[in-house]
Amino acid sequence: AQSVTQLGSHVSVSEGALVLLRCNYSSSVPPYLFWYVQYPNQGLQLLLKYTSAATLVKGINGFEAEFKKSETSFHLTKPSAHMSDAAEYFCAVSDRRSGYSTLTFGKGTMLLVSP
Amino acid sequence: NAGVTQTPKFRVLKTGQSMTLLCAQDMNHEYMYWYRQDPGMGLRLIHYSVGEGTTAKGEVPDGYNVSRLKKQNFLLGLESAAPSQTSVYFCASSYPGTANQPQHFGDGTRLSIL
């Protein structure tokens, strides 16, 4: 069975500071990995996904994530936080051996950005 | 583009009442999913469908039923609502093929069971 661990239910940064949201996965086979963002009272939007084409994946809004097989990690980063980045972020995995994407989500990390 | 539309957006029920949540997508996606989101729990898969007329159980299926009579619609039913089913429910859809297809989400239905 696959699982996802997001370290830190809340992360606080100042505007302009580096954003680092951590995600570790557990799977017998390297899975497909996704980061989603959820703004208040909205559904989830895809930020980026890893499908093994490249270990460094660039997404929308200046976010990127690096797949590290040796560390079973897929941490999300952004060089400079904006107030508009305040939201909840979810890491998710999908079993590449499956013919369809039933996602297993982490518990989420709330990003707080202060001026 | 409407994308994934969920109806209703909010609902309050009494324990024991029944209701149906409707999800409609206009992207011609083959696969559809129902999740529930609870504080500190992330999203958990309730049921999913890989095509019209097919459904399968997810991680937390108890107390829910689903139907996929039309490709564009996926219904989630609560036969006898319980307070433990108070949650935010999300519907999602995706293209078929491999497990790397991203899911597209609706804006959710906020359901309270008193």
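Before reading on, note that the structure itself is shown above.
Residues numbered from 1 in each chain as written. Chains lettered and ligands numbered in written order. Predicted model: local features only at pLDDT ≥ 70, side-chain atom pairs only at ≥ 80, totals over all residues. Heavy atoms only, no water.

Novice: Before we go on, may I ask you to explain the overall build of chain A in this structure?
Specialist: What chain A contains, in helices and strands, is 0 helices and 11 strands. When the elements of chain A are put in sequence order from the N terminus, they spell out β-β-β-β-β-β-β-β-β-β-β. By its C-alpha atoms, chain A is 45 × 30 × 20 Å across when sized along the principal axes. Per-residue burial for chain A yields a buried fraction of 43% across its 115 residues. Total accessible area computed for chain A in this model is approximately 5,300 Å², and 52% of it derives from carbon and sulfur atoms. In chain A, 9 positive and 7 negative side-chain charges are present, and the distance between their average locations comes to 8 Å. (Helix = DSSP H or I, 4+ residues; strand = E, 2+ residues; numbered from the N terminus. Buried < 20%, exposed > 50% of the residue type's maximum accessible area, 1.4 Å probe, protein only. Areas by Shrake-Rupley, 256 points an atom, 1.4 Å probe, with all protein chains shown as cover. Lys, Arg positive; Asp, Glu negative; His and termini not counted. Charge placed at Lys NZ, Arg CZ, Asp CG, Glu CD.)

Novice: Quick question: what am I supposed to make of the pairing of strand β1 (residues 4-7) of chain B here?
Specialist: As a general feature of sheets, a regular strand has side chains that alternate between the two faces. All names here are of chain B. Going residue by residue along β1, you find Val4 and Gln6 tucked away on one face and Thr5 and Thr7 left uncovered on the opposite face. The pairing of β1 with strand β3 (residues 19-25) spans 4 bridges and is classified as antiparallel. Bridging from a neighbouring strand, threonine 7 pairs with leucine 22 of β3. (Pairing = 2+ DSSP bridges.)

Novice: Before we go on, may I ask you to explain the pattern of salt bridges in this structure?
Specialist: Any two side chains of opposite charge can pair, given that their charged atoms come close. In this structure the tally under the stated criterion is 5 salt bridges over all chains. Glutamate 64 of chain A serves as the salt-bridge partner of lysine 58 of chain A, at 2.8 Å between the closest nitrogen and oxygen. For lysine 58 of chain A, a relative accessible area of 63% translates into the label exposed. The residue arginine 44 of chain B makes a salt bridge to aspartate 38 of chain B at a minimum N-O spacing of 2.8 Å. Overall, aspartate 38 of chain B belongs to the buried group, its relative accessible area being 11%. Several salt bridges share partner residues, and in doing so they unite Arg36, Asp38 and Arg44 of chain B into one network. (Salt bridge = Lys/Arg side-chain N within 4 Å of Asp/Glu carboxyl O.)

Novice: Can you help me understand the packing of aromatic side chains in this one?
Specialist: Two aromatic rings, taken as a pair, are described by how far apart their centres are and by the angle between their planes. Scanning all chains against the criterion turns up 13 aromatic pairs over all chains. Each ring, one from phenylalanine 63 of chain A and one from tyrosine 89 of chain A, has its centre 5.5 Å from the other, and the planes form 45°; the classification is tilted. Here phenylalanine 63 of chain A is found in the loop between β6 (56-58) and β7 (64-68), whereas its partner tyrosine 89 of chain A is found in strand β9 (residues 87-94), with 26 residues between them in sequence. Seen in terms of ring centroids, phenylalanine 105 of chain A and phenylalanine 105 of chain B are 6.2 Å apart; in terms of plane orientation they differ by 75°. Their pairing is edge-to-face. Taken together, the residues phenylalanine 105 of chain A in strand β10 (residues 104-105) and phenylalanine 105 of chain B in strand β10 (residues 104-105) connect one chain to another. Each member of the pair phenylalanine 105 of chain A and phenylalanine 105 of chain B is classed as buried. Linked through ring pairs, Phe34, Tyr36, Phe90 and Phe105 of chain A together with Tyr33, Tyr35 and Phe105 of chain B together constitute an aromatic cluster. (Phe/Tyr/Trp six-rings, centres within 6.5 Å; stacked < 30°, edge-to-face > 60°.)

Novice: Got a minute to help me understand the sheet that holds β6 of chain A in this structure?
Specialist: Adjacent strands of a sheet form backbone hydrogen bonds with each other and so pair up, either parallel or antiparallel. Residue and element names in this part refer to chain A. Spatial strand order, β1-β3-β8-β7-β6: 5 strands in an open sheet with antiparallel pairing. Across the chains shown, the open sheet's two edge strands, defined by having one partner strand only, are β1 (3-7) and β6. Going across the sheet, the axis of each strand differs from the next one's by a mean of 20°, ignoring polarity. The sheet contact formed by strand β3 (residues 19-26) and strand β8 (residues 73-78) spans 4 bridges and is antiparallel. (Axes fitted to C-alpha atoms, helices over the stretch in contact; angles between N-to-C directions.)

Everything listed here is a matter of coordinates, which is why it stays silent on function.
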